[in-house]
Amino acid sequence: MRAADESGTPLLLVGGGSNLVVSDEGFPGTVVHIATSGIRLNADACSGATVTVAAGEGWDDLVAHAVDQGWLGVEALSGIPGSVGATPIQNVGAYGQEVADTVACVRCWDRVGRAYRTFSVAECGFGYRTSRFKEDPGHFVVLEVTFQFRMGDLAEPVEYGELARSLGVPLGQRVPARAVRESVLALRRRKGMVLDGSDHDTWSAGSFFTNPVLDAGQAADLPEDAPRWELPDGSVKTSAAWLIEQAGIAKGHRSGAARISSKHPLALTNSGGATTADLLCLAREVRDRVGERFGIELVNEPVTVGCRL
Ligand SMILES: Cc1cc2nc3c(=O)[nH]c(=O)nc-3n(C[C@H](O)[C@H](O)[C@H](O)COP(=O)(O)OP(=O)(O)OC[C@H]3O[C@@H](n4cnc5c(N)ncnc54)[C@H](O)[C@@H]3O)c2cc1C
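Let me begin by describing the structure that accompanies this report. Small disclaimer: the values here were computed from a predicted structure and weren't measured. (Residues numbered from 1 in each chain as written. Predicted model: local features only at pLDDT ≥ 70, side-chain atom pairs only at ≥ 80, totals over all residues. Heavy atoms only, no water.)

The environment of the ligand is formed by 32 residues, the closest being Leu13, Gly16, Ser18, Ser83 and Arg188. One of the backbone N or O atoms of Gly15 is found 2.7 Å from an oxygen atom in the ligand. Contacts to the ligand include Val142, whose backbone N or O atom sits 2.7 Å from a nitrogen atom. With the chains in place, 92% of the 990 Å² that the ligand exposes on its own is no longer accessible. Counting residues per element, the ones that place at least two in the shell around the ligand are strand S1 (11-14), strand S7 (93-94), strand S11 (140-151) and strand S12 (204-207). (Near = heavy atom within 4 Å. Polar contact = N/O pair within 3.5 Å; in protein donor to acceptor, adjacent residues only side chain to side chain. Areas by Shrake-Rupley, 256 points an atom, 1.4 Å probe, with all protein chains shown as cover. Helix = DSSP H or I, 4+ residues; strand = E, 2+ residues; numbered from the N terminus.)

Our focus in this paragraph is the pairing of S11. Note that strand S5 (residues 48-54) and S11 share 6 bridges and pair antiparallel. Residue pairing for S11: Val51 is matched across the bridge by Phe147. Alignment of strand S6 (residues 71-72) against S11, held across 2 bridges, turns out to be antiparallel. When the bridges of S11 are listed, Leu72 appears paired with Arg150. Relative to S11, strand S9 (residues 103-110) runs antiparallel, the two sharing 7 bridges. Counterpart to Arg107 in the pairing with S11 is Glu144. (Pairing = 2+ DSSP bridges.)

The next point concerns the nonpolar core. Ranked by size, the top nonpolar core spans 42 residues in total, and within it Trp59, Val106, Phe147, Leu163 and Val180 carry the most contacts. Secondary structure elements with two or more residues in this core: S5, helix H2 (59-69), S6, S9, S11, helix H4 (161-167) and helix H5 (177-190). Ranked by residue count, the leading element in this core is S11, at 5 residues. Residues Val21, Ala219, Ala241 and Ile249 belong to the second largest nonpolar core, which totals 30 residues. (Core = buried A, V, L, I, M, F, W, Y, C linked by side-chain atoms within 4.5 Å. Buried < 20%, exposed > 50% of the residue type's maximum accessible area, 1.4 Å probe, protein only.)

What follows concerns the state of the cysteines. What the rule picks out here adds up to 0 disulfides. Free cysteine: Cys108, not disulfide-bonded; nearest cysteine sulfur from Cys124 at 7.3 Å. The thiol of Cys307 is not disulfide-bonded; the next cysteine sulfur, from Cys281, is found 13 Å away. On the accessibility criterion, Cys307 (15% relative accessible area) is buried. (Disulfide = S-S within 2.5 Å.)

Two side chains of opposite charge can pair, provided their charged atoms sit close to one another. Counted under the stated rule, the structure contains 13 salt bridges. Between Arg114 and Glu6 there is a salt bridge; the shortest N-O distance is 3.8 Å. One end of the pair, Arg114, is in the loop between S9 and strand S10 (115-120); the other, Glu6, is in helix H1 (residues 2-7), and 108 residues separate them in sequence. The class for Glu6 is exposed, based on a relative accessible area of 56%. Ionic pairing is found between Asp110 and Arg117, a salt bridge with its closest N-O pair at 3.5 Å. Look at Arg117 and you get partly exposed, because its relative accessible area is 34%. The network of salt bridges with shared partners includes Asp199, Asp201, Arg259 and Lys263. (Salt bridge = Lys/Arg side-chain N within 4 Å of Asp/Glu carboxyl O.)

Neighbouring strands of a sheet are bound in pairs by backbone hydrogen bonds; such pairs are parallel or else antiparallel. Within the open sheet, the 4 strands sit side by side as S12-S18-S17-S16. Their pairing is antiparallel. At either margin of the open sheet sits one strand with a lone partner, and together these are S12 and strand S16 (254-255). Bridge analysis of strand S17 (residues 258-260) against strand S18 (residues 267-270) gives 3 bridges, and the strand direction is antiparallel. Residue Arg259 lies in a different strand from S18, and its bridge partner there is Thr269. In this fold helix H8 (residues 276-294) packs onto S16, S17 and S18, with an angle of close to 40° to the strand it touches most, S17. (Contact = heavy atoms within 4.5 Å. Axes fitted to C-alpha atoms, helices over the stretch in contact; angles between N-to-C directions.)

Next up, the structure:
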């Protein structure tokens with residue numbers, strides 16, 4: 001990376017590549033695949049486990065290992081593809097958890113200052129599907145992530161309705177972390193969010209749009225039956241999937257070889273032979289129809305490389 005930066009060669013960092021939409025023309029520069037490995041347990045006491053993980057480790061392998069070890073706080077993030085080093089970039093989250101809940105610090109290479117830097121969780125600028133790393137692309141390379149896990153058998157109380165229903169428990173109940181992992185993996189499979197080479201519904205970059213966060217005025221204009229989650233700062237998050245379906249775009253809707261998954265309205269999939277241009281054409285149609293119907297602009301979650309929505 002240093003050599004590329006010193007010679008002014010454009011650089012693209014890739015972990016698992018699961019959150020990238022790359023232009024059909026490719027990337028005119030050097031692509032670095034981060035494949036470092038290693039998990040270091042720094043402290044293991046009744047107060048919890050402090051664990052430092054190399055950026056190139058697989059995220060779901062870490063979650064499986066954490067559940068085996070009784071390290072709590074990431075079990076609901078089971079089945080998210082990609083590397084550990086990419087998780088702080090967009091503060092990955094699902095089913096009521098996000099990595100910001102367990103990250104203690106992130107060690108980086110600063111490509112501008114040409115120095116190693118370690119950011120505490122408070123310095124990472126974590127927000128909904130964002131962080132200082134996402135806001136300032138190309139500046140920092142994540143080398144290691146240190147997590148602070150609580151230890152035990154029972155996960156935090158289940159606060160996510162869909163997960164509680166699938167576990168068959170009331171909201172607020174605590175269940176073993178292993179049961180949370182299994183339930184989340186089953187839910188993900190049902191939504192086509194676990195890659196299966198024979199099922200085109202799973203050929204996606206996950207959710208293509210983030211859930212819009214609205215101010216109080218915009219939220220008041222939403223139809224009464226729209227899903228809404230009040231956030232601590234008074235803003236309101238609503239469901240991109242709901243907006244898409246209400247804008248008249250059904251599951252299975254296609255534009256060329258790009259198709260909305262038949263299992264999940266937020267997954268834009270490749271039904272075989274789709275190009276990035278096809279995918280973006282479908283994504284623009286979805287964005288524009290939601291914009292016309294609700295005046296809300298959907299924002300893409302995957303990182304676009306050499307192309308834009
Ligand atoms: C089926 C499916 C389901 C998904 N479900 C979820 C979900 O539930 N919740 C969620 O939050 N996300 C989800 N995602 C998105 C994706 O899995 C996550 O964003 C994941 O963290 C991306 O990891 P990656 O290693 O594949 O990153 P990549 O796609 O390789 O990279 C993503 C971005 O991070 C940068 N990057 C990668 N590694 C580093 C590093 N070490 N240092 C600095 N920059 C780096 C890349 O340059 C790029 O900008 C899903 C994706 C898919 C395909």
